[in-house]
Amino acid sequence: MREIVLINSKQNPKVKTLIVNKIELLPIKKAILELHIDLNQIRKSVDALIFTSKYACKSLLTNMQKHPELEAFRHIPAFVIGENTAQSLKEAHFTIEYIGLDSHGAGFSSEIIPLLKNRKPLYFRAKKIVSGLDTKLLEAKIKLKQIIAYENKTNTIDKACKPLPKSILIFTAPSHYLAFKQNFGWDASYSAVAIGMTTFGVFDSEVEGFVSPDQNIDSCIEFAKELALKLP
């Protein structure tokens with residue numbers, strides 16, 4: 001049976017894991033002030049939050065612990081791209097207004113544009129994004145403000161750690177696929193499982209790629225196991 005390897009930014013006890021990225025949570029208070037958001041009256045400047053990653057949520061929570069005046073963000077309705085990120089926000093007692101039906105950035109933007117007309121959304125995002133969500137919202141004349149809340153940094157990995165030929169690789173973010181390729185290139189015998197359409201969308205044309213039925217790591221692992229039994 002083919003070997004299954006999770007390409008991720010942290011270990012998973014359920015499957016062999018290769019850590020290709022590290023997540024750096026960034027300070028955001030200064031960036032908020034630079035957007036001319038009054039920390040004592042945040043809700044006058046922002047009436048909707050946008051999250052496309054649980055790391056953005058984690059960054060905001062970390063910054064809230066250091067700066068209690070940011071606590072107001074917890075009560076501003078959030079628009080979230082998937083159930084995984086939404087669950088992180090729910091556990092932190094945020095208010096969820098909308099969970100996207102489409103796990104791809106382009107589809108998510110189409111869903112929320114009508115809902116954000118005449119709103120003042122603030123997007124907590126990675127330093128580099130591939131979905132183009134910000135561009136699509138701005139083109140739709142949404143009064144979008146953005147905060148870079150975290151950064152994906154690529155690890156340099158020993159070449160001896162390269163997965164075996166015919167491995168099934170699970171990618172949980174576009175940055176993980178790009179970091180893997182930067183370290184190892186791509187073996188044509190590999191098969192790839194993407195956690196969602198945004199990640200699937202960065203796969204090169206030569207990649208035999210599949211999308212997990214559900215957007216969470218456990219589902220990706222189970223789906224990869226099914227593929228391992230079916231693929232030659």
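Predicted, not measured: the structure shown is a model, and the values here were computed from it. (Residues numbered from 1 in each chain as written. Predicted model: local features only at pLDDT ≥ 70, side-chain atom pairs only at ≥ 80, totals over all residues. Heavy atoms only, no water.)

Trainee: Would you mind going over the overall build of the protein chain with me for this structure?
Mentor: Check the secondary structure of the protein chain and you find nine helices and 11 strands. Scaling as 2.2 N^0.38, a compact globule of 232 residues should have a C-alpha radius of gyration of about 17 Å, and the protein chain matches this with 19 Å. Across its three principal axes, the protein chain shows a C-alpha extent of roughly 60 × 35 × 30 Å. Per-residue burial for the protein chain yields a buried fraction of 51% across its 232 residues. Across the protein chain, every contact between residues at least 6 apart in sequence was considered, and the portion connecting residues at least 24 apart equals 62%. Accessible surface, the protein chain as shown: approximately 11,400 Å² in total, 53% of it carbon and sulfur. Both charge centroids of the protein chain, one from 31 positive and one from 24 negative side chains, sit 5 Å from each other. (Helix = DSSP H or I, 4+ residues; strand = E, 2+ residues; numbered from the N terminus. Rg over C-alpha atoms; globule rule 2.2 N^0.38 Å. Buried < 20%, exposed > 50% of the residue type's maximum accessible area, 1.4 Å probe, protein only. Contact = heavy atoms within 4.5 Å. Areas by Shrake-Rupley, 256 points an atom, 1.4 Å probe, with all protein chains shown as cover. Lys, Arg positive; Asp, Glu negative; His and termini not counted. Charge placed at Lys NZ, Arg CZ, Asp CG, Glu CD.)

Trainee: Looking at this model, I keep getting lost on the packing of aromatic side chains. Mind explaining?
Mentor: Aromatic ring pairs: the centre-centre distance and the angle between the two ring planes describe each pair. As enumerated under the stated definition, the model contains 17 aromatic pairs in all. Ring plane angle 35 degrees and centroid distance 6.4 Å describe the contact between Phe 79 and Tyr 98, whose orientation is recorded as tilted. Remark: Tyr 98 occurs in strand E6 (residues 96-99) and Phe 79 occurs in strand E5 (residues 78-80); sequence separation between them is 19 residues. Just as Phe 79 is buried, Tyr 98 falls in that class too. Connected via pairs of aromatic rings, a cluster forms that spans Phe 171, Tyr 177, Phe 180, Phe 184, Trp 186, Tyr 190, Phe 200 and Phe 203. We note Lys 54 situated over the ring of Tyr 55; from NZ or CZ to the ring centre the distance is 5.9 Å. (Phe/Tyr/Trp six-rings, centres within 6.5 Å; stacked < 30°, edge-to-face > 60°. Lys NZ or Arg CZ within 6 Å of the ring centre and 35° of its normal.)

Trainee: What am I meant to see in the sheet that holds strand E1 (residues 4-8) here?
Mentor: The strands making up a sheet associate through hydrogen bonds between their backbones, and the pairing can be parallel or antiparallel. Pairing within the open sheet is parallel, and its five strands lie in the order E2-E1-E9-E10-E11. Every other strand in the sheet has two partners, leaving strand E2 (16-19) and strand E11 (208-211) as the edge strands with one partner each. Each neighbouring strand pair of the sheet contributes to a mean axis angle of 25 degrees, computed without reference to strand direction. Where strand E9 (residues 168-171) and strand E10 (residues 191-194) come together, four bridges link them in parallel fashion. Within E10, the position partnered with Leu 169 by the bridge is Ala 192. Those strands touched by helix H7 (residues 174-184) are E1, E2 and E9, and its axis lies near 135 degrees from that of E9. Contacting E1, E9, E10 and E11, helix H9 (residues 217-230) runs over the sheet at an angle of about 165 degrees to E9. (Pairing = 2+ DSSP bridges. Axes fitted to C-alpha atoms, helices over the stretch in contact; angles between N-to-C directions.)

Trainee: Help me understand the nonpolar core, please; the structure alone is not making it clear to me.
Mentor: Soluble globular proteins tend to pack their nonpolar side chains together in the buried interior. Ranked by size, the top nonpolar core spans 28 residues in total, and within it Leu 49, Phe 51, Phe 73 and Phe 124 carry the most contacts. Where this core is concerned, the elements lending two or more residues are strand E4 (48-51), helix H3 (54-66), E5, helix H4 (83-91), strand E7 (121-126) and strand E8 (145-154). No other element matches the five residues that H3 contributes to this core. Not counting chain neighbours up to four residues away, the residues in contact with Phe 124 comprise Ile 28, Leu 49, Ile 50, Phe 51, Ala 56, Leu 60, Phe 73, Ile 147 and Ala 149. (Core = buried A, V, L, I, M, F, W, Y, C linked by side-chain atoms within 4.5 Å.)

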